[in-house]
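Letter by letter, the chains look like this.
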Amino acid sequence: MATLLQFIIIIIFICSTTTTTISATPYLSPEQQQQQPPPSSPPYNISILLNTLGFHHISVTATTTTTINSSTSSTITIFSPTDTSLQSCPYCSLPLLLLEHTVPGLYPYHLLKTLPFGAKIQTLATSSSNSPLCLTLTKTVTTDDNNNPTLFVGGVQITRPDIYNDGHVIVHGIQGYLAHLSVYSCQVEKMTSLSFPSRPTAIMRGFVKDAIVRLRMSDYTVLALLIQENVDQLTEMDSMTVFAVDDAGVFGDGHLFAANLKFHIVPNMRLTALELLNLPVDTVLPTMVAGEGVVVTVAGGGGPLTPMRINNVKVTSMNVVINDGIVVHGIAAPLPRVRRTSIGFWPDDDPMVGIHLGPTATSDY
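Residues numbered from 1 in each chain as written. Predicted model: local features only at pLDDT ≥ 70, side-chain atom pairs only at ≥ 80, totals over all residues. Heavy atoms only, no water.

For the protein, the name recorded in an unreviewed UniProt entry is FAS1 domain-containing protein, with Artemisia annua as its organism. According to the UniProt record, the Sequence similarities (unreviewed entry) comment for the protein is "Belongs to the fasciclin-like AGP family." (UniProt positions renumbered as here; feature names shortened; annotations may be inferred.)

Written out as structure tokens, the structure is:
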């Protein structure tokens, strides 16, 4: 009897030891240790987890995103946008945005740093044609510290890496301007003009069609129609940046925008929000109008009281639509022609004269 009792005690001890060994201890960054989420194990309540970590807006949609919940029986990594970042994309679908920033498998920060520039990570999201969508990993390295690059996924910076990691779910915080992924996001051969300086017309046509569809879903249907009317000419470029007035602005005094679309397009340059904000004052950007350019009259980064201005017009929203070939930024009004004076840039009396690019300037159009 004593022998049987000892055997039972040994079995109980082994079981309890095994349970302790396999229980995962979540890793939290120092700033999160005061708000540690309650212990959990698969299946997870992703909504509660994200809300506890401070991602309140995106956590709401996690309750209805069945793909996320059904995936938590395995391992996933979530690149969660902050509430402030979500304000940069008012037309974004939050359920789709969450899927586009969730990838199967575990990608801790130390692993992400070892991945090559331009690496594609397939997400849980798919396009309307059921093709996969991918996040592209990019990085910037300073000469002072090559071992600690700044990482970006889908063009958005990872600002709070590894804020949660329990061996089943990893959460990284991201901050920046958001946009939905392109239908071509997983295709390496269609990544950027940096990799492929001369794009075939068919590839650019795909980017243009993607932009048209997304513009029609937002408040830029007039721009979508204008692009459609000029599709043959626009698809001859490798990339482009468009400064656009929304539908409400066009139906006000924005007829000048429709009449001068080419003056609002920077050819063969894809300036994302981050790149645009980094442009210094007096930077002149070429346009599709031969010999004419637009100028950065107020640089970015000044906050809501001193927003960025192009030709003295406020840039109201950035990355309204973005894919690997086209980016559209919203502006408050059509861009006027301006001229440089000793006290700044002023509207030009001749509406057909813009910033002159010089006698050696060239344009494809």
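With that out of the way, let us pick up the pattern of salt bridges. Scanning the entire structure with this criterion turns up 3 salt bridges. In this structure, the salt-bridge partner of D232 is R205, at a minimum N-O distance of 3.3 Å. Taken together, the residues D232 in helix α10 (residues 231-234) and R205 in helix α8 (residues 201-216) connect sequence positions 27 residues apart. D232 sits in the exposed class, given a relative accessible area of 52%. Using a relative accessible area of 27% as the deciding quantity, one classes R205 as partly exposed. Salt-bridge contacts for E292 lead to R337; the nearest nitrogen and oxygen are separated by 3.0 Å. On the criterion of sequence distance, the pair formed by E292 in strand β11 (residues 292-298) and R337 in the loop between β14 (326-331) and β15 (338-341) is long-range, its members being 45 residues apart. Given the relative accessible area of 7%, R337 is considered buried. (Salt bridge = Lys/Arg side-chain N within 4 Å of Asp/Glu carboxyl O. Helix = DSSP H or I, 4+ residues; strand = E, 2+ residues; numbered from the N terminus. Buried < 20%, exposed > 50% of the residue type's maximum accessible area, 1.4 Å probe, protein only.)

Our focus in this paragraph is the nonpolar core. Counting 47 residues, the largest nonpolar core has L223, M240 and V328 as its most contacted members. Of all the elements, α8 adds the most residues to this core, at 7 residues. Not counting chain neighbours up to four residues away, the residues in contact with L223 comprise L215, V242, A244, F257, L261 and V328. If you look at the next biggest cluster of nonpolar residues, it comprises 38 residues, including I46, L97, V103 and L137. (Core = buried A, V, L, I, M, F, W, Y, C linked by side-chain atoms within 4.5 Å. Contact = heavy atoms within 4.5 Å.)

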